[in-house]
Amino acid sequence: KQPSYILALETSCDETSAAVIKNGREVLSSVISSQIETHKAFGGVVPEVASRKHVEKITLILEQAIQEAGISLNDLSAIAVTEGPGLVGALLVGVVAAKTLAMALDKPLIGTHHIAGHIYANRLVQEIEYPAMALVVSGGHTELVYMKAEGQFQVIGRTRDDAVGEAYDKVARAIGFPYPGGPHVDRLAIEADEVVELPRSWLEPDSYDFSFSGLKSAVLNVVNQSKMRGETVNAAAIARGFQESVVEVLVEKAIRAMKEYGARQLLLCGGVAANKGLRTALTARCEQENVSLLIPPLTYCTDNAAMIGAAAYLKWERGQFTPLDMKAEPSMSL
Ligand code: KG4
Ligand code: ZN
């Protein structure tokens with residue numbers, strides 16, 4: 001059997017990334033160019049700026065990925081790209097580049113869902129056991145996805161307001177940290193020896209949905225009250241209270257969903273999977289409940305093209321190619 005080489009592109013938000021994946025699992029190259037420094041000045045991702053940066057970088061990143069993989073363009077089996085969801089202008093840059101390559105090289109095109117990519121990042125580590133439950137936590141998404149079998153996605157819970165990473169970034173800003181603030185809040189929470197108790201947002205007893213905007217407002221209230229009283233804001237205690245609330249709700253809902261759906265494996269993924277508090281709590285709880293937990297290495301948790309290649313491979317195996325008139329789908333569903 002001939003080896004397969006998939007070139008994957010990811011430009012849905014603020015990372016321009018290209019990767020070459022051999023036989024669905026082996027990462028021959030993974031190039032990620034982050035725009036974080038550019039967006040920091042604005043306190044968050046500016047869509048128009050993101051699109052322009054992708055245009056500047058895409059050709060370079062793509063060439064680097066091919067070169068580092070040590071293959072030639074003609075060796076490629078398919079070109080994969082994130083089709084959605086994401087920022088439309090940002091997505092378009094990857095989509096147009098992928099279509100152009102597919103057309104010029106006469107190779108199949110594979111449009112991929114960004115969240116399927118985050119979930120299948122776990123396949124770069126080991127084979128997934130089904131039925132599985134995925135907890136997707138990133139700057140744009142917070143979802144519980146039940147997977148009865150490979151390629152089958154059932155979203156059983158989602159955020160009703162802010163995504164968890166977005167809440168982290170807003171809280172970080174309120175206590176004085178730059179974008180993206182998630183890692184700062186995480187570090188502070190772990191170092192803190194005091195805690196500000198904050199509410200848990202459970203929603204209806206049987207709901208797998210999430211809500212983080214109330215918690216975020218509670219943080220802002222605490223910060224504003226301290227300021228009004230002329231006291232210094234206890235950032236560490238607030239970070240710890242916030243993180244404890246978020247982690248408790250995420251862990252409890254994920255475990256309850258695992259039990260109800262009889263899932264054999266829990267897949268943690270997305271940028272917030274880098275959170276130490278969440279990883280520690282989830283690892284401990286899964287051991288206690290005797291369920292298997294997969295977490296991708298940190299580089300494949302945040303946005304990257306290797307995960308898109310891993311997801312695209314499963315479509316490639318089944319010959320599920322995407323027509324060349326593919327469009328960017330900013331609000332694509334799983
Ligand atoms: O998956 P990702 O790179 O981009 C999206 O698809 O959204 O996730 C980025 C998000 C940001 O909100 C960032 O603050 C958050 O992940 N993040 C963290 C940590 N590391 C990254 N949040 C909490 N704790 C962390 N250690
Ligand atoms: Zn993402």
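Only a predicted model underlies this, so the values are computations on that prediction, with no experimental measurement involved.

A. Summary view of the overall build of the protein chain. Tallying secondary structure elements over the protein chain gives ten helices and ten strands in all. For the protein chain, whose C-alpha radius of gyration is 20 Å, the value lies close to the compact-globule estimate of 20 Å for 334 residues. Across its three principal axes, the protein chain shows a C-alpha extent of roughly 65 × 45 × 30 Å. Considering only residue pairs separated by 6 or more positions, the protein chain has 75% of its internal contacts joining residues 24 or more positions apart.

B. Spotlight on the domain arrangement of the protein chain. For the protein chain, the assigned domains read domain 1 (5-119 + 301-317) and domain 2 (129-295). Once you take the C-alpha centre of each, domain 1 and domain 2 turn out to be 27 Å apart. The set of elements that each furnish at least two residues to the side of domain 1 that touches domain 2 consists of helix H1 (36-40) and helix H4 (114-120). Considering every element that reaches the side of domain 1 that touches domain 2, the biggest residue donor is H4, with four residues.

C. Structural detail: the site of ligand 1. Around ligand 1, the structure places 19 residues, and the nearest of them are Ser138, Gly139, Gly165, Gly182 and Gly271. Elements supplying a minimum of two residues to the shell around ligand 1: helix H5 (164-174) and helix H6 (182-191). For the shell around ligand 1, the residue count by class is six nonpolar, ten polar and three charged. Lining the shell around ligand 1 are residues from two domains, each supplying at least three of them: domain 1 (5-119 + 301-317) and domain 2 (129-295).

D. Representation of the sheet that holds strand E2 (residues 15-22) in the model. Read across the sheet, five strands follow the order E3-E2-E1-E4-E5 without closing on themselves; strand pairing throughout is mixed. Looking at strand neighbours, the two that pair on one side only are strand E3 (26-34) and strand E5 (109-113), the edges of this open sheet. Going across the sheet, the axis of each strand differs from the next one's by a mean of 20°, ignoring polarity. In this sheet, E2 lies alongside strand E1 (residues 5-10) in antiparallel orientation, the contact comprising six bridges. Bridged to Leu7 within E2 is Val20. Set on the sheet, helix H10 (residues 306-317) makes contact with E1, E2, E3, strand E4 (78-84) and E5; between it and E1 the angle comes to about 130°.

E. Fine view of the nonpolar core. With 108 residues, the main nonpolar core has Ile6, Ala8, Ala18, Ala65, Met133, Ala134 and Ala312 as its most contacted residues. Looking at this core element by element, the count peaks at eleven residues for helix H8 (residues 235-261). Counting contributing residues per domain, this core is built from domain 1 (5-119 + 301-317) and domain 2 (129-295), each supplying no fewer than three. Every residue in contact with Ala18, bar those within four places of it in the chain, is listed here: Leu7, Ala8, Leu9, Val31, Ile61, Leu62, Ala65 and Ala305.

Each value, and the rule that gives it
Residues numbered from 1 in each chain as written. Chains lettered and ligands numbered in written order. Predicted model: local features only at pLDDT ≥ 70, side-chain atom pairs only at ≥ 80, totals over all residues. Helix = DSSP H or I, 4+ residues; strand = E, 2+ residues; numbered from the N terminus. Rg over C-alpha atoms; globule rule 2.2 N^0.38 Å. Contact = placed C-beta atoms within 7 Å. Domains from an automatic or database assignment. Near = placed C-beta within 6 Å. Nonpolar A, V, L, I, M, F, W, Y, C, P; charged D, E, K, R; others polar. Pairing = 2+ DSSP bridges. Axes fitted to C-alpha atoms, helices over the stretch in contact; angles between N-to-C directions. Core = buried A, V, L, I, M, F, W, Y, C linked by C-beta atoms within 7 Å. Buried ≥ 20, exposed ≤ 12 C-beta atoms within 10 Å, placed from the backbone.

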